[in-house]
Amino acid sequence: MSHLEHDAALVMGAEELSRLELLPAELVYSILSHLSPFDLVAVSATSRTLYTRASADHLWQALIQENVPGIQVRTPAPCRSFKALYRAHDPYWYLPKYKIWFADVNLTGRLIIVRYDPRRGCIEGYQLVAANRSRTFQPWEANRDVSIHHFDPVVQLHMDKTLIQLDAVDSADSLAFDSDSPAWARFNTINLRLVRSRTSSMEGNFSRSPSPASIAPPKPSRLFSERQMQNYTDSMYATIFHTRVLSSDEIAFCASPKFPYGFIWPPPAIPSGHRVFGTAAKLSSGQHFKPETRPSSRSDLSDKAFVIKTWLATRIPGRAVYNMSVIADPLTVSMRNLPLAVRGDDAVDDALDDDVSIRMQIGQELATYATLDPKLYTPTKEKPFRGIWVGDYSGHGCEFLLVTQPDDETPFDAESIQPREQESPDEFEKRKHDETVYRGPLEAVKLTGDPNVPRGEVTFRVADLGERGLVNICQYEPFEGVRIVKSKGHVGSTGFVNDSFIESQLLLISHDRLAQYWSEFGHVSFLQRVDIDGFLAPA
């Protein structure tokens, strides 16, 4: 493009801009309501008029509401405006948006619910737990050698331990939204009495009453920084940070056909078009984070996965406090190489406070969390068993499952079912219902697991809910009239070794209640649907 063409384009752009500014405010707001947050910020930078229009509270309230299911956000508190509230939590709004998150912790995993609390303006996450209130069982009339384990689960959030708490701090130092620098990085808590200069040697001097700028490294983008969470105790700390979306070539190169599948998360049993490196894959041999696991721009930031790092810090009596959470690369501290002022020796500046100490990190846990496509757990008329379920796993306790029913390769037309000769209207409606609902495969995948069959593994599968998989319609209590279909249950030895699929049967009691007959073990265990949306509104 020549200089003349460039100048002409600028003039035309200015003319278009002036036309936009001259439109009625209601029409401008209607146009702006279709823009993303980043486009709104870009528009607001073009003129004073459009800055005012693009900063309108109702536009930013709508953007926040899109990310907060289950409740109405009516106030931006504790921030000045909804725009400031959006900025305060950017880019973490995806956490309450997808609400369900499951982790690759050990073999058991962990399931958490993340929600927004409008009373405090914070994003919070709690572990979902369940316990069976019933300890009774009864023999099955169909086979007196089979015991039915009664199941009365209590599902609740473990409110005594907050796993995620991101407080909204309305700050004037927030950066403008940008493709690679979406928001500020803040070190919220500076609790260092004495801080060693990052450029001095270990034997160097200590500066008194440092400013935050001298404590923290240069502000990085939130894409790369770890954000400290405020909900942990004086000895426990946690940070949350982003991870990077893997390309299909990376997945093909790193993935393994056997557990743990190359530490790709979520594992292959859970349908997802969005996978990241799991916890073990993020660490080098020296337990440092590999840079390739972090996003380099917003375009490769995963909004369907994140990492939480927790660690224990202990205090050693001395004369200074190191807060490992505000130092990007904490030093490995030992008592032998600490200067006198830190060791607590007598030759110390009398002006130093006596109540300070050194805080050392002595361990950490990493957990990579992923979410689910809402389509997988949202039931429909044709796929009524989709959902999040809790199951009874006897000595292992309650475990959470994702029950999936894949879409049909060709759409099913219920109107193609026609009445048969001598078939009553009631019989026809029942047959039409059964052929619509009981068709195709079903699979249950563990979101939390146990040492025998861990999280992310199939626990049972049904090849066909229809006529090809039908065993019978039960004639015996307590399952009289219940449809029973063939299934295969997944079992394994401790440590998930020698696993195999065994013959079993699935009892389709209702759309909210199932039972699995483990024929080789001689018992029937239940599964019950979990109402996830019931946990989204803070009490």
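Residues numbered from 1 in each chain as written. Predicted model: local features only at pLDDT ≥ 70, side-chain atom pairs only at ≥ 80, totals over all residues. Heavy atoms only, no water.

At their nearest, the axes of helix α3 (residues 37-44) and helix α5 (residues 57-65) sit 11 Å apart, and the two run at 160° to each other. Comparing the axis directions of α3 and α5 gives the class roughly antiparallel. The way α3 lies across α5 gives a crossing that is left-handed. Here α3 contributes Pro37, Leu40 and Val41 to the contact with α5, which in turn contributes Leu59, Trp60 and Leu63. Taken together, the residues that form the contact of α3 with α5 break down as six nonpolar, no polar and no charged. (Axes fitted to C-alpha atoms, helices over the stretch in contact; angles between N-to-C directions. Helix = DSSP H or I, 4+ residues; strand = E, 2+ residues; numbered from the N terminus. Parallel < 35°, antiparallel > 145°, perpendicular 65-115°, else oblique. Left-handed = near helix turned anticlockwise from the far one by under 90°. Contact = heavy atoms within 4.5 Å. Nonpolar A, V, L, I, M, F, W, Y, C, P; charged D, E, K, R; others polar.)

Now for the layout of surface pockets. Empty space within the second largest pocket amounts to approximately 340 Å³. For the lining of the second largest pocket, the secondary-structure elements that each account for two or more residues are α3, α7 (94-98) and β13 (301-317). Ranked by residues supplied to the lining of the second largest pocket, first place goes to α7 with three residues. Tallied by class, residues from the lining of the second largest pocket come to eight nonpolar, two polar and five charged. (1 Å grid on protein atoms, 1.4 Å probe; cavity = no way out; pocket = protein on both sides within 12 Å on 5 of 7 lines; lining within 4 Å. Points joined across faces, edges and corners; volume = space filled by probe spheres on them.)

Let us now look at the packing of α5 against helix α6 (residues 82-89). Where α5 contacts α6, the two axes come as close as 7 Å, and the packing angle between them is 35°. Where α5 abuts α6, its residues Asp57, Trp60, Gln61, Leu63 and Ile64 lie against Phe82, Lys83, Leu85 and Tyr86. Of the residues contributing to the contact of α5 with α6, the split by class is six nonpolar, one polar and two charged.

Glancing now at the pairing of strand β16 (residues 398-404). Remember that side chains alternate between the two faces of the sheet whenever the strand is regular. A large share of β16 lies buried, amounting to seven of its seven residues. Direction of pairing for strand β15 (residues 387-392) relative to β16: antiparallel, over a ladder of six bridges. In the sheet register, Asp392 faces β16, and the bridge partner there is Cys398. In sequence, β15 turns back onto β16 through a hairpin of five residues, with Ser394 there showing a positive phi of about 50°. (Buried < 20%, exposed > 50% of the residue type's maximum accessible area, 1.4 Å probe, protein only. Pairing = 2+ DSSP bridges.)

A few words now on empty space enclosed by the protein. This structure, assessed with the given rule, holds four cavities of 30 Å³ or more. If you add up the space inside the largest cavity, you get close to 50 Å³. Looking at the lining of the largest cavity, the elements with two or more residues in it are β15, β18 (458-462), β22 (513-518) and β23 (523-529). A per-element tally of the lining of the largest cavity places β23 first, with three residues. When the residues that make up the lining of the largest cavity are grouped by side-chain class, the tally is six nonpolar, four polar and one charged.

A few words on unusual backbone geometry. Keep in mind that most residues, glycine aside, have a negative phi and that most peptide bonds are trans. With an omega dihedral of 10°, the bond running from Phe259 to Pro260 counts as a cis peptide bond. Considering the arrangement of structural elements, one finds Pro260 in the loop between α9 (248-254) and β11 (264-265). Following Glu477, the chain continues to Pro478 via a peptide bond in cis, the omega torsion being 5°. Considering the arrangement of structural elements, one finds Pro478 in the loop between β19 (470-473) and β20 (483-493).

Right, let's get into the pattern of salt bridges. In this structure the tally under the stated criterion is 24 salt bridges. Note that Arg133 is salt-bridged to Asp152, the shortest N-O span being 3.1 Å. On the criterion of sequence distance, the pair formed by Arg133 in the loop between β3 (122-132) and β4 (137-140) and Asp152 in the loop between β5 (143-149) and β6 (153-166) is long-range, its members being 19 residues apart. Given a relative accessible area of 56%, Arg133 falls into the exposed group. Since its relative accessible area comes to 34%, Asp152 is described here as partly exposed. Between Glu435 and Arg431 there is a salt bridge, and its shortest N-O distance comes to 3.1 Å. With Glu435 and Arg431 both in helix α12 (residues 425-437), this residue pair falls four residues apart, about one helical turn. (Salt bridge = Lys/Arg side-chain N within 4 Å of Asp/Glu carboxyl O.)

So, about the confidence of the model for the protein chain. Averaged over all residues, the pLDDT of the protein chain is 80; the fraction at 70 or higher stands at 75%. Taken together, the stretch residues 3-15 has pLDDT below 50 and engages in one contact with residues farther than four places along the chain or on a different chain. A low-confidence stretch, residues 319-356 stays under pLDDT 50, and its non-local contacts, those more than four residues away or across chains, total 89 contacts. (pLDDT = per-residue confidence, 0-100.)

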